[in-house]
Amino acid sequence: MTADDVVAERLPETVREALLAPLFDHHSHPVRRDDLVRAQFEPLISRSGAPAPPGTTHFDSPAGTAIRRWCGPVLGLEPHVSPAVYLAARAELGAAEVNRRLLSAAGVVAFLVDTAEAGPEMLSLAEMGRYGGAAADEIVRVEEVERAVAEEGPAAVEYLGRLFDELATRSARAVGLKTVSACRHGHYLGPDRPARAAVIAAAGRRLADPKTPLADPVLVAHLLWTAVDVARDRGLPLQIVTGHGDPEADPGGTDPAPLTGFLRAVRPAGVPVILVGCYPYHRHAAHLAAVLPHVYVDVGPTLAHAGAGSAAIIGEVLELAPFHKVLFGSACRGVAEMCHLAAVFHRRGLARAAAARLDRGEWSPADAARIIHMIGSGNARRLYRL
Amino acid sequence: MTADDVVAERLPETVREALLAPLFDHHSHPVRRDDLVRAQFEPLISRSGAPAPPGTTHFDSPAGTAIRRWCGPVLGLEPHVSPAVYLAARAELGAAEVNRRLLSAAGVVAFLVDTAEAGPEMLSLAEMGRYGGAAADEIVRVEEVERAVAEEGPAAVEYLGRLFDELATRSARAVGLKTVSACRHGHYLGPDRPARAAVIAAAGRRLADPKTPLADPVLVAHLLWTAVDVARDRGLPLQIVTGHGDPEADPGGTDPAPLTGFLRAVRPAGVPVILVGCYPYHRHAAHLAAVLPHVYVDVGPTLAHAGAGSAAIIGEVLELAPFHKVLFGSACRGVAEMCHLAAVFHRRGLARAAAARLDRGEWSPADAARIIHMIGSGNARRLYRL
Amino acid sequence: MTADDVVAERLPETVREALLAPLFDHHSHPVRRDDLVRAQFEPLISRSGAPAPPGTTHFDSPAGTAIRRWCGPVLGLEPHVSPAVYLAARAELGAAEVNRRLLSAAGVVAFLVDTAEAGPEMLSLAEMGRYGGAAADEIVRVEEVERAVAEEGPAAVEYLGRLFDELATRSARAVGLKTVSACRHGHYLGPDRPARAAVIAAAGRRLADPKTPLADPVLVAHLLWTAVDVARDRGLPLQIVTGHGDPEADPGGTDPAPLTGFLRAVRPAGVPVILVGCYPYHRHAAHLAAVLPHVYVDVGPTLAHAGAGSAAIIGEVLELAPFHKVLFGSACRGVAEMCHLAAVFHRRGLARAAAARLDRGEWSPADAARIIHMIGSGNARRLYRL
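By the naming in an unreviewed UniProt entry, chain A is Amidohydrolase-related domain-containing protein, taken from Thermopolyspora flexuosa.

In structure tokens:
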């Protein structure tokens, strides 16, 4: 596969170069380091996390078709080979070689990795970077830190201080913070910080059962505000996952629009907030990025799953989002295929948007190259100060 | 009109054949058997069910334009003739001939018909099949069964048993069940079965006024759970209408996403659930089909009404829905034109999606033919075991 | 710039003529009459109303790119000149000439202007018309009238009568009424008129603090019903702003779908209601226009801001909205660029929709010309009786 395959449109050379330039992947997860049989591989390419129903296969999905099309050639296969042939080639090369090929084919210059799903069967942060030929830095998932604090079993009155201290400590070696609470427990976060007494009371209940995932709205609000405090102190951005993409999201409560009160209240802290995921509410997120100076948008978690359909989603983000407010994140998770696909469809989606606008005289070639560069890496470099 | 008109795209022969193959229409309604004057015809092609405002006509709508374009030739007219010429030809041929032509032009191999709107002025189930050259089977609308039970006037304590028995009896000769309650009375169905005592108490109130449409949330939840029980016992799928398409839907409460708790709770029953309609929340429904193994999606009720604009909607379903989770239903209602239009725009929408993906190298021709076949009939055959 | 630039598609001459015919702009605001430096100009082309974050510019947005492309030539520049060159030419010509050129380039035959944002630094109603070579009439924003009544400080029991009288007086010289409350304070307006006693009680609280923007749900409902009464008496339409476009909208509460109960209750009054803005809920609004005979839709407030991306939005409105229910409004605000851009992208969006349908045989050329004419001016003329 050559770069020409990825960018099929007739485009000026400067625009092609901008599209093929290295991407700054501001949001990813580790991938499995071990060899995977089909029964292990299939759930990792589906948002269900479960096997396909009897008589069907997850390869008959936008992501599955895209893997055969775009990842096959990276493993030395023709495009569109059958799932069995693809998985046989994957097994023959071995997971290490497959990961190296796919992560480097993505053309990423820096990975920011949410390490909450780290483990012995996953590539480490350093390995993600090494395999991908990229820098690698850490994003702290605040729910993971909270869980660790809760499991330590402090007194309720100490919970607040421990949480702040632990978030600060973990953030000292990280480049950003991330929260998944908003889409898991509803978005109706108001503009107000919860009162200390209410947090302590809720913490008492929480500490009686620390293994249960955090769900109390007072504690969720407290966690987010503590994350804002730490991010402000350290000059770090905060990623807020919204939309249906998170595997444990409640599809009834993932619209970022009801976060507006919270987002407005956070603005004076000067912390950049990136709305990550957002689909199918990505137009709402793009609007928030247009009206709130500190808010950014990244639809990465949908790119690999929507595959050939993702260009329309990118097009909808570009309806209202200022071009200096859009970021690329692969949201890579489980298998390295998802990283390569996200990068492929980011480039193909922007190529299609640019070609349509150039053909119709809406943008100049210089506009196209500048905008593609901003979204691919410039905005993230400015935001993460890397 | 030839098949070439329907599929305008340049496509490999195998893909064209897949597009023109007979469709399995898993969701339709009876159509009027009598001749209709313009004042009767117009409300039947509009979702308003009312005459157009003074000085306007429902022919100036996506569906009206599509009838002149696509149904005119089936009646022997040129495309785009005026509404008056179209209706004159319709009158001259007579309703029986018009129904025969349009239902058979749709190219359907099996109709599953919701018979809740049956009546002397409507084609019977057998006639729908005979006119369309297709098999015809029944879908039981559970609200219709509930209404009949309530009007019998049992004691509240007997209501539960009578409802189960009647649903079981009606389902014995049917191939599926269908509910319209979710979009009429709000979707915030929780994961829990209502308690027996609460159902009996609510039934007492209901039975005092059985003519009023079912709206009590406890009784709606009980009805849906009873439908799940019957569907499980008989191995039948359950259709849940969501989205704005139902004529009595409350547009503030038709999003399928808030059904997630109910859908997750139903999963262990092993009953396939098809989300029908869904527009403008079809991306939410496609997501649910992607994450829940027993959930399927069909946007049929919007195809005839959106007409030339429907390809974009099909494209959005294909963003996330696994290809083995998408079904075709014409949602035909009132006049046979709506059946033909749904079939035309299903084929044209998939033709456009396939052509775009083939032109850009995303799918192989074999992928395209296999996916088109799955959506057109294969998935429904597997699900309904027909 | 010639008209050919605007309508790039290959289209029959009659369709081109329909696209280039004068537009009836049923919803706009005054623009600034004074010369603006860059720090003043940038916030006026952004929905944030604030400066762009450090290191960025609002010119790097869909609207900013569109200004360089489409407004530059109206000022005598090449397309795509830099922001600095654009603003230098703007300064050199002076605000009066710039306003004259841009408002007349829009090709508008009548402006209906919401005068709530009038002021000495804004063009007057008469000037808007004179600069644009168009008729100009007034739309009364009902919240502005309510504020004036509240600030007079009547007794609570007199508030109701004063409000009705003042709305009637102001409407006597206007051609329509407009409300922005629905998207600012949530949409869950029920079908019932609030009781007189409840309104008086709420008015008492309001009058104690008349400077605060109206937010009490009882008073908002009362204001809307009073507006309906006045509109009915005078035969005027009522514009309801929904969607994210209003600068003070609460993005969590701008969906027009929850207005359905109110809209149904208003129907017997015979007052046409235009849902203005609507994005990203424009499909919901188009559905409401399809099912409720007195409801219309206009996505104008998004056209200038979405720029090159706006064609997709127009396409989505055309999925379900009857063609006799769609209106054009520029929503022009602050600078005349937004008026010209809205007109450009209205024409370009309809050109693209028509070309796609003509190329695929969905519409006849006569259909296209008739539909374009309806949306551009015919529907508004019928509705506003002008």
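Moving on, we get to the packing of aromatic side chains. All names here are of chain A. Within this structure, the stated rule accounts for 18 aromatic pairs over all chains. Ring centres of Phe41 and Phe59 lie 6.0 Å apart, and the angle between their planes is 15°; this geometry places the pair in the stacked category. Taken as a pair, Phe41 in helix α3 (residues 38-44) and Phe59 in the loop between α3 and α4 (62-71) lie far apart in primary sequence, 18 residues in all. On the accessibility criterion, Phe41 (0% relative accessible area) is buried. Here Phe59 falls in the buried class, since its relative accessible area comes to 1%. Clustering of aromatic rings is evident, with ring pairs tying together Phe41, Phe59 and Tyr86. A cation over an aromatic ring shows up here: Arg357 above the ring of Trp363, its NZ or CZ 5.3 Å from the ring centre.

The subject of this paragraph is the interface of chain C and chain B. Of the residues lining the interface, 33 residues belong to chain C; the matching set on chain B comes to 37 residues. Summing both partners gives a buried area of about 2,800 Å² for chain C against chain B, and 53% of it is carried by carbon and sulfur. By the criterion of area lost to chain B, the three top residues of chain C are Glu319, Arg360 and Glu362 of chain C, representing 24% of everything that side buries. Joining chain C to chain B, the criterion identifies five salt bridges. With a shortest N-O distance of 2.8 Å, Arg68 of chain B and Asp367 of chain C are connected by a salt bridge. Run the count over chain C and chain B and you get 11 residue pairs in polar contact (both at pLDDT 80 or more). Of all the elements in the fold, those that place two or more residues in the side of chain C that touches chain B are α13 (260-266), α14 (282-291), α16 (310-320) and α18 (365-384) of chain C. The element that contributes the greatest number of residues to the side of chain C that touches chain B is α14 of chain C, accounting for six residues. Residues that form the side of chain C that touches chain B fall into these classes: 14 nonpolar, six polar and 13 charged.

A few words on the interface of chain C and chain A. At the junction of the two partners, chain C supplies 38 residues and chain A supplies 33 residues. The largest contributions to the chain C side of the interface with chain A come from Asp60, Pro251 and Tyr279 of chain C, which together make up 19% of the buried area. Our count for the contact surface shared by chain C and chain A stands at five salt bridges. The tally of links between chain C and chain A comes to 12 residue pairs in polar contact (both at pLDDT 80 or more). Only α4 (62-71), α15 (300-306), α16 and α17 (337-359) of chain C provide two or more residues apiece to the side of chain C that touches chain A. Broken down by element, the residue count for the side of chain C that touches chain A peaks at five residues, all from α4 of chain C.

This part is about the relation of the copies chain C and chain B. By a simple turn and slide, chain C fits onto chain B: the slide is 0.0 Å along the axis, the RMSD is 0.0 Å, and the turn is 120°. Here the copies are linked by what is in effect a three-fold axis. Identified as the residue of chain C closest to the rotation axis by C-alpha distance is Ala312 of chain C, at 5.5 Å. By residue overlap, the copies meet through two different surfaces: only 3% of the interface positions of chain C are interface positions in chain B.

Moving on to unusual backbone geometry. All names here are of chain B. A cis amide bond links Tyr279 with the next residue in sequence, Pro280, at an omega value of 0°. With respect to the element layout, Pro280 can be found in the loop between β6 (273-277) and α14 (282-291). The residue His80 is not glycine, and still its phi comes out positive at about 70°. Positionally, His80 belongs in the loop between α4 (62-71) and α5 (83-93).

All names here are of chain A. Its 23 residues place the ends of helix α17 (residues 337-359) 32 Å apart at the C-alpha level, agreeing with the 33 Å of an ideal helix rising 1.5 Å per residue. Counting buried residues in α17 gives 20 out of 23 residues, a clear majority hidden from the surface. Of the residues trailing α17, Gly361 is marked for its positive phi of about 75°.

Residues and elements named next belong to chain C. With respect to the helices, strands and loops of the structure, Glu337 is situated in helix α17. A relative accessible area of 0% places Glu337 in the buried class. Among all residues touching Glu337, those that are not within four sequence positions of it are Phe41, Ile67, Cys71, Tyr86, Arg90, Val98 and Leu102.

Reading the values: rules and limits
Residues numbered from 1 in each chain as written. Chains lettered and ligands numbered in written order. Predicted model: local features only at pLDDT ≥ 70, side-chain atom pairs only at ≥ 80, totals over all residues. Heavy atoms only, no water. Phe/Tyr/Trp six-rings, centres within 6.5 Å; stacked < 30°, edge-to-face > 60°. Helix = DSSP H or I, 4+ residues; strand = E, 2+ residues; numbered from the N terminus. Buried < 20%, exposed > 50% of the residue type's maximum accessible area, 1.4 Å probe, protein only. Lys NZ or Arg CZ within 6 Å of the ring centre and 35° of its normal. Contact = heavy atoms within 4.5 Å. Buried area = accessible area lost by both parts, 1.4 Å probe. Salt bridge = Lys/Arg side-chain N within 4 Å of Asp/Glu carboxyl O. Polar contact = N/O pair within 3.5 Å; in protein donor to acceptor, adjacent residues only side chain to side chain. Nonpolar A, V, L, I, M, F, W, Y, C, P; charged D, E, K, R; others polar. Least-squares fit on C-alpha atoms with pLDDT ≥ 70 in both. Expected span 1.5 Å × (residues − 1).

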